[in-house]
Amino acid sequence: MIKELVRKNRSYRGYDSSYQVTKEELLDLVDCARLTPSSINRQPLRYYLAWEKEKVELIQSMTKWAAALPKLTLPHPGMCPTAFIVICQDMKLAPNPFLKDVGIAAQTILLAAVEKGLGGCMIGNFNAKTVKEKLSLPENMEVQLIVAIGKPAETVVLTEVGEDGNTAYYRDDNDVHYVPKRKLEDIIL
Ligand SMILES: Cc1cc2nc3c(=O)[nH]c(=O)nc-3n(C[C@H](O)[C@H](O)[C@H](O)COP(=O)(O)O)c2cc1C
């Protein structure tokens, strides 16, 4: 079960825009993240939820997708996610970045989304200062990672990294997205 969830949990960059993710679904995803481990159990992460059209469009406009495929504009027009979870850190609770906590929370959110028949994509490519300003976040909040959520509407295929060691993801003419993963024997020391 867990392996199947992990396999299905790809970085999706194309969504069914007619499927509206609800606030309740987002709350349930964060409720899973709430239960994850946290360094010295400080739990400094806070979550900004966006499901309303204007907020979602605002966040979409501040995110950059698939930098490794500069010739493509992803998501394609009309295929944007219908929700975002902006993971912030309360710097008053923890002044140093808790990036490991952020990763654990984000992956948990995405696995829970896949279990619901949804999917998403972690987005680290944004200007944190701009996002903080545009969302009117409190001074002590630092934006760490944005997680897109929606109903995936594209095919992502896992392949094996070949002899050349190239890990770059790519798309074919039918817009199928391929993600090379290293072989098990190549990652065990
Ligand atoms: C911390 C982190 C930040 C990421 N930021 C972006 C991003 O800004 N834009 C994007 O399109 N994908 C982003 N990704 C997705 C990666 O490109 C993706 O994980 C990788 O291509 C492998 O695909 P997979 O997630 O389907 O295995 C990010 C992933 C991680 C873990």
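Check the entry above for the structure.
In this report, we go over the structure that sits alongside the text. (Residues numbered from 1 in each chain as written. Predicted model: local features only at pLDDT ≥ 70, side-chain atom pairs only at ≥ 80, totals over all residues.)

**Structural notes on the sheet that holds strand S5 (residues 156–160)**
The strands that make up a sheet pair up through hydrogen bonds in the backbone, lying either parallel or antiparallel. Definition in use: Two strands make a pair as long as DSSP finds a minimum of two bridges between them. The numbering of helices and of strands both runs from the N terminus, where a helix is a DSSP run of H or I of at least 4 residues and a strand a run of E of at least 2.
Read across the sheet, three strands follow the order S5-S7-S6 without closing on themselves; strand pairing throughout is mixed. Edge positions in the sheet fall to S5 and strand S6 (170–171), since each has one partner strand and no second. Taken together, the five bridges between S5 and strand S7 (residues 177–181) define a ladder with parallel strand orientation. Counterpart to Val157 in the pairing with S7 is Tyr178.

**So, the nonpolar core**
Here is the rule: Joined through C-beta atoms within 7 Å, a set of buried Ala, Val, Leu, Ile, Met, Phe, Trp, Tyr and Cys residues constitutes a nonpolar core. Exposure criterion: with C-beta atoms placed from backbone coordinates, a residue whose C-beta has 20 or more other C-beta atoms within 10 Å is buried, one with 12 or fewer is exposed, and one in between is partly exposed. Remark: residues whose backbone-derived C-beta atoms lie within 7 Å of one another are considered to be in contact.
Of all hydrophobic cores here, the largest spans 37 residues; its most connected members are Phe84, Ile85, Ile87, Ile109, Val147 and Ile149. Only helix H2 (23–33), strand S1 (45–50), helix H3 (53–61), strand S2 (83–90), helix H4 (99–115), strand S3 (119–123) and strand S4 (141–150) provide two or more residues apiece to this core. For this core, the leading source of residues is H4, giving eight residues. In contact with Val147, other than residues within four places in its own chain, are Phe84, Ile85, Ile87, Ala106, Ile109, Leu110, Gly120 and Met122.

**Concerning the site of the ligand**
Cut-off, in case you're wondering: Whether a residue is near a molecule or strand depends on its C-beta atom, placed from the backbone, lying within 6 Å of it. Throughout, the ten residues Ala, Val, Leu, Ile, Met, Phe, Trp, Tyr, Cys and Pro are labelled nonpolar, Asp, Glu, Lys and Arg are labelled charged, and all others, Gly among them, are labelled polar. Domain delimitation follows an automatic or database domain assignment.
Neighbouring residues of the ligand: 14 residues in total, closest Arg10, Ser11, Trp65, Gly124 and Asn125. Sorting elements by how many residues they give to the shell around the ligand places S3 first, with three residues. Tallied by class, residues from the shell around the ligand come to eight nonpolar, three polar and three charged. Split by domain, the residues of the shell around the ligand number at least three in each of domain 1 (2–154) and domain 2 (155–189).

**Looking at the environment of Leu49**
On the secondary structure map, Leu49 appears in strand S1. Residue classification places Leu49 among the partly exposed residues on the basis of 18 C-beta atoms within 10 Å. When the C-alpha positions of Leu49 and Val30 are compared, they lie 9.3 Å apart, and in sequence the two are 19 residues distant. Setting aside chain neighbours within four positions, we find Leu49 in contact with Lys23, Leu26 and Ile85.

**Overview of the sheet that holds S3**
Note the threshold: Lines fitted to the C-alpha atoms define the axes, with helices restricted to the stretch that makes contact. Angles between their N-to-C directions range from 0 to 180 degrees.
What the four strands build is an open sheet, ordered S1-S2-S4-S3; its pairing is antiparallel. Among the strands making up the open sheet, the edge pair consists of S1 and S3. Going across the sheet, the axis of each strand differs from the next one's by a mean of 25°, ignoring polarity. In the sheet, S1 pairs with S2 via six bridges, with the strands oriented antiparallel. Pairing of Tyr47 across the sheet is with Ile87, part of S2. Where H2 meets the sheet, its contacts fall on S1, S2 and S4, and the angle it forms with S2 comes to roughly 40°.

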